[in-house]
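This is what each chain is made of:
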Amino acid sequence: MSDKTEVVLLARNPNGVAELILNRPDKHNAFDDTIIQSLISRLEEAEQDNTIRVLVLRSNGRSFSAGADLGWMKRMAQNSHQDNLEDAGHLAKLMERLNHLSKPTIALVQGAAYGGAVGLAACCDIVIASEQSQFCLSEVRIGLIPAVISPYVVRAIGERQARRYFVTAEPFSAREAQQFGLVHEVVADNALLDDACQRYIDVMSKNSPCAMQAAKSLIHAVSHKVITDEVIDDTARRIADIRVSEEGQEGLSAFLNKRQPNWIQETDNHVQ
């Protein structure tokens, strides 16, 4: 990997696991407008690539991401309100693309995850953090607010914790993040992140790729919704659709005939 390539979409193996890598270790993987656009482009590429089943979001270096790049913030502070509005729209688009990516996503967090990086974690389906990692919604320290990441962060940690950490900008540990619901698993050190990630990949490799995508769509469809007749009818339609789908038929046939479904591959799929 070239040191000059700051965002990389890397297919690690033939079994559909890809990695989206922030490769700016000298800047603690802070992001600017260029990095944001690169991340959006790579996510759109991953969305369209039918060979990708699972996307792992990670970074190189000591920090997961320090959030916004200082030089970028300095430039934006000198720009007009309209320029800032358009710029914020790009970050909002990044969060939306990651949050609604149809494939399962796993974030591996080491070191600092500050500001917008908390938003990136909140937009992933599974978050694994090392014991040494630290989270912080630090925006108010410099007179800003965690605006475009707020819908995802509040859903991840809850309104009660957001009311504290949005206004105090206190850092919180991986264990606290796990208690809040932002992090699913904490490992003892950075060297164990890949092993933990592989366990989830091994589990998901047994699942129907189309069903996992449909399950993610289902969550977005019912989350925070009043259970109306419309919602009930939609869930009935979704299960009927997937029962008659190609993978639904294959999965049911494999189960009833006590064989493995055809989406399970025997080749090694370990993340390196």
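Look a little higher up for the structure.
Residues numbered from 1 in each chain as written. Predicted model: local features only at pLDDT ≥ 70, side-chain atom pairs only at ≥ 80, totals over all residues. Heavy atoms only, no water.

Novice: Help me understand the overall build of the protein, please; the structure alone is not making it clear to me.
Specialist: Counting its regular elements, the protein contains 10 helices and 9 strands. Taking 272 residues into account, the globule formula puts the C-alpha radius of gyration at 19 Å, and the protein, at 20 Å, falls close to it. Considered along the principal axes of its C-alpha atoms, the protein spans approximately 65 × 45 × 35 Å. A fraction of 68% describes how many contacts in the protein between residues 6 or more apart in sequence connect residues 24 or more apart. Carbon and sulfur atoms form 53% of the exposed surface of the protein, whose accessible area is close to 14300 Å². In the protein, the 28 positive side-chain charges and the 36 negative ones have mean positions that sit 2 Å from each other. (Helix = DSSP H or I, 4+ residues; strand = E, 2+ residues; numbered from the N terminus. Rg over C-alpha atoms; globule rule 2.2 N^0.38 Å. Contact = heavy atoms within 4.5 Å. Areas by Shrake-Rupley, 256 points an atom, 1.4 Å probe, with all protein chains shown as cover. Lys, Arg positive; Asp, Glu negative; His and termini not counted. Charge placed at Lys NZ, Arg CZ, Asp CG, Glu CD.)

Novice: Would you take a moment to explain the packing of aromatic side chains for this structure?
Specialist: Each aromatic ring pair is summarised here by two numbers: the centre-to-centre distance and the angle between the ring planes. Using the criterion set out here, one finds 4 aromatic pairs in the structure. When the ring of Tyr165 is compared with that of Phe180, the centres are 5.4 Å apart and the planes differ by 45 degrees; the resulting orientation is tilted. One end of the pair, Tyr165, is in helix 5 (residues 150-168); the other, Phe180, is in helix 6 (residues 174-180), and 15 residues separate them in sequence. With respect to burial, Tyr165 and Phe180 carry one shared label: buried. Members of the aromatic cluster, connected to one another through ring pairs, are Phe135, Tyr165, Phe172 and Phe180. (Phe/Tyr/Trp six-rings, centres within 6.5 Å; stacked < 30°, edge-to-face > 60°. Buried < 20%, exposed > 50% of the residue type's maximum accessible area, 1.4 Å probe, protein only.)

Novice: It is not clear to me how unusual backbone geometry should be interpreted in this structure. Could you clarify?
Specialist: For His28, which is not glycine, the phi torsion reads 55 degrees and is therefore positive. Along the polypeptide, His28 turns up in the loop between strand 2 (17-22) and helix 1 (33-48). Positive phi is not limited to glycine here, since Lys258 has a value of about 55 degrees. Residue placement: Lys258 occurs in the segment after helix 10 (246-256).

Novice: Could you clarify how one ought to interpret the pattern of salt bridges in this entry?
Specialist: Where charged atoms of side chains with opposite charge meet at close range, the side chains can pair. Enumeration over the complete set of coordinates arrives at 18 salt bridges. Taking the shortest distance from any N to any O, the salt bridge between Arg24 and Glu6 comes out at 3.2 Å. Here Arg24, found in the loop between strand 2 and helix 1, pairs with Glu6, found in the segment before strand 1 (7-11); they are 18 residues apart in sequence, far enough to count as distant. Classification of Glu6 by relative accessible area gives partly exposed; the value is 30%. Of the charged contacts, one joins Glu159 and Arg163 as a salt bridge, the two residues approaching to 3.6 Å between their closest N and O atoms. Here Glu159 and its partner Arg163 are both found in helix 5, 4 residues apart, which amounts to about one turn of the helix. Considered together, Glu159 and Arg163 belong to a single accessibility category, that of exposed residues. Among the charged side chains, a network of salt bridges with common partners joins Glu6, Arg24, Asp32 and Asp69. (Salt bridge = Lys/Arg side-chain N within 4 Å of Asp/Glu carboxyl O.)

Novice: Help me understand the pairing of strand 6 (residues 126-130) in this model?
Specialist: Regular strands place side chains that alternate from one sheet face to the opposite one. Most of strand 6 is tucked away, with 5 of its 5 residues classed as buried. Alternating residues of strand 6 divide into Ile126, Ile128 and Ser130 and Val127 and Ala129, and every residue in both groups is buried. Here strand 4 (residues 105-109) runs beside strand 6; their pairing, made up of 4 bridges, is parallel. What sits directly across from Ala107, in strand 6, is Val127. (Pairing = 2+ DSSP bridges.)

Novice: I would appreciate a short explanation of the pairing of strand 4 in the present structure.
Specialist: Most of strand 4 sits out of view: 5 of its 5 residues are buried. Where strand 3 (residues 54-59) meets strand 4, 3 bridges bridge the pair, whose relative direction is parallel. Residue pairing across strands places Leu57 opposite Ala107, the latter belonging to strand 4.

Novice: Can you help me understand empty space enclosed by the protein in this one?
Specialist: A probe as big as a water molecule, rolled over the atoms, marks out the empty space that is left. Summed over the entire model, instances satisfying the criterion amount to 1 cavity of 30 Å³ or more. Here the largest cavity is characterised by a volume of approximately 40 Å³. Around the largest cavity, the lining residues are Leu20, Leu39, Leu43, Leu57, Leu94, Leu98 and Leu120. Those elements that provide at least two residues to the lining of the largest cavity are helix 1 and helix 3 (81-99). In terms of residue class, the lining of the largest cavity is made up of 7 nonpolar, no polar and no charged. (1 Å grid on protein atoms, 1.4 Å probe; cavity = no way out; pocket = protein on both sides within 12 Å on 5 of 7 lines; lining within 4 Å. Points joined across faces, edges and corners; volume = space filled by probe spheres on them. Nonpolar A, V, L, I, M, F, W, Y, C, P; charged D, E, K, R; others polar.)

Honestly, that's just the spatial picture; any functional story needs more than this.
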